[in-house]
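Structure at a glance
Here is how the chains run, residue by residue.
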Amino acid sequence: MPTAQQLFYEPISGHAFNADQSQIVVSNSTPLTHVMKKGPDGKYTEGHVLEQHLERVTSVDWAPTTNRIVTCAGDRNAYVWNFEEATGTWIPCLVLLRINRAATTVRWSPAEDRFAVGSGARLLSVCYFDPENNWWVSKHIKKPIRSTILAVDWHPSNHLIAVGSCDFKCRVFSAALKEMTDKPQTSLWMPKLSKFGTLLAEFDSNSGWVHGVKFSPSGNLLAWVAHDSSVNLVNSNNLERVHTILTTNLPYMCLLWLSETSFVTAGHNMAPDLYYASDDGITFGAKLDVKKEKASSGNMSAMARFQKLDVQGKAETEGTTLETTHVNCITEIRSIATANNKVTKFSTSGKDGKVVIWEMDSICSAIAGLKI
């Protein structure tokens, strides 16, 4: 069964764990960012509060190897936080984003030497550290982005980035920086070496904002979810062929690859769903939030049921209670643990203020025939 903790009563806009999951950083839709520590009982409690932003923090990310936190907010700023052992405090470092609209999402690259910030300024800021001035500077990718960026994801090579935006497009750009003396390799995504900001692929998402985008572990597959309730997949072997299924669910907001052939999505349905990816396209696997079995009321008549409720002083709640672990939209999925190139544990957070831990072993044992 999933393990849930009610961290806040405000919506959680982003969360991320450190390397050993002993700490979690959470933004609860306020200018404050909370670093929480795991206690002996497995629950997270307040450890540090990061105070620097003036507007609502929209996204956070934690680089597990370098132990750096990056935050971005509606004040058009981003900060990189370094932990100072001597004082036991988190020290902010300025990031020069050079944007005139709110920052919406941020992600560290796999090598943790740069990060990308999406914004409402219709551009992507790729940031790297400038040791001479002791701050983080940015380079912009502007064309042909025409609307707010909602999601970004780095390719495992560290030199490519996927962007999902409100102009109904999912795009892949070259993010190799000459300032970092990058030496990118050619691939199916980049057949020939391309300079920073080169558009390598562009995919239409029918008629929906692209809420989430993610490369597979190998980087050969790219999946994204959109506001038209679609799930989309493309293989770098054939960029002209995009697999799309229009689901009957409410729109998904995020996704995470569990293996090279399966990924999990979540959003307004308030529960994670499993999908399989193959050369033939996308197939639905299962709903991973297994509902609890209700105790049977037997052959109780309507009159007897009414009398029982009247004696107990209770109201009839059938059909009005949610049976999902989350009780509002899920906005983010994070990988926590992997084994044999498969995600064995992941977390979700959402607008209900909860962070939920999902263990695939227990889910697979509860759902007959489920494989990832």
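The coordinates are above.
Residues numbered from 1 in each chain as written. Predicted model: local features only at pLDDT ≥ 70, side-chain atom pairs only at ≥ 80, totals over all residues. Heavy atoms only, no water.

Here four strands make up an open sheet; going across it, the order is E14-E15-E16-E17 and the pairing antiparallel. This sheet does not close on itself; its edge strands, each paired only once, are strand E14 (149-154) and strand E17 (199-204). Mean inter-strand twist for the sheet, computed between neighbouring axes without regard to direction, equals 15 degrees. Two strands pair when backbone bridges link them, and strand E16 (residues 169-174) and E17 are joined in this way by five bridges, in the antiparallel orientation. The residue bridging Arg-171 from the neighbouring strand is Glu-202, located in E17. (Pairing = 2+ DSSP bridges. Helix = DSSP H or I, 4+ residues; strand = E, 2+ residues; numbered from the N terminus. Axes fitted to C-alpha atoms, helices over the stretch in contact; angles between N-to-C directions.)

Scanning all chains against the criterion turns up 15 aromatic pairs. Aromatic pair Trp-62 and Trp-90: ring centres 5.6 Å apart, planes at 85 degrees, arrangement edge-to-face. Residue Trp-62 is located in strand E6 (residues 57-63), and its partner Trp-90 is located in strand E9 (residues 89-96); the two are separated by 28 residues in the primary sequence. The exposure class assigned to Trp-62 is buried, which follows from its relative accessible area of 4%. Arranged with centres 6.2 Å apart and planes meeting at 10 degrees, the rings of Phe-346 and Trp-358 form a pair that is stacked. Of the two residues, Phe-346 is situated in strand E27 (residues 342-350) and Trp-358 in strand E28 (residues 354-359); the sequence distance between them amounts to twelve residues. In this structure, Phe-346 and Trp-358 share a single accessibility class: buried. Connected via pairs of aromatic rings, a cluster forms that spans Tyr-252, Trp-257, Phe-263, Tyr-275 and Phe-284. (Phe/Tyr/Trp six-rings, centres within 6.5 Å; stacked < 30°, edge-to-face > 60°. Buried < 20%, exposed > 50% of the residue type's maximum accessible area, 1.4 Å probe, protein only.)

For the structure shown, the criterion picks out eleven salt bridges. Between Lys-287 and Asp-273 there is a salt bridge, with the nearest N and O atoms lying 3.5 Å from each other. Taken together, the positions of Lys-287 in strand E25 (residues 281-287) and Asp-273 in strand E24 (residues 273-278) put the pair 14 residues apart, joining distant regions of the chain. Look at Lys-287 and you get partly exposed, because its relative accessible area is 43%. With its nearest N and O atoms 4.0 Å apart, the salt bridge here joins Glu-359 to Lys-345. (Salt bridge = Lys/Arg side-chain N within 4 Å of Asp/Glu carboxyl O.)

This part covers the sheet that holds E9. Spatially, the eight strands line up as an open sheet ordered E6-E7-E8-E9-E13-E12-E11-E10, and their pairing is mixed. Every interior strand has two partners, whereas the edge strands, E6 and strand E10 (103-108), have only one. Direction aside, the axes of adjacent strands within the sheet are offset by 25 degrees on average. In this structure, strand E11 (residues 114-119) lies alongside strand E12 (residues 124-130), joined through five bridges in antiparallel fashion. Its bridge partner lying in E12, Ala-116 is registered against Val-126.

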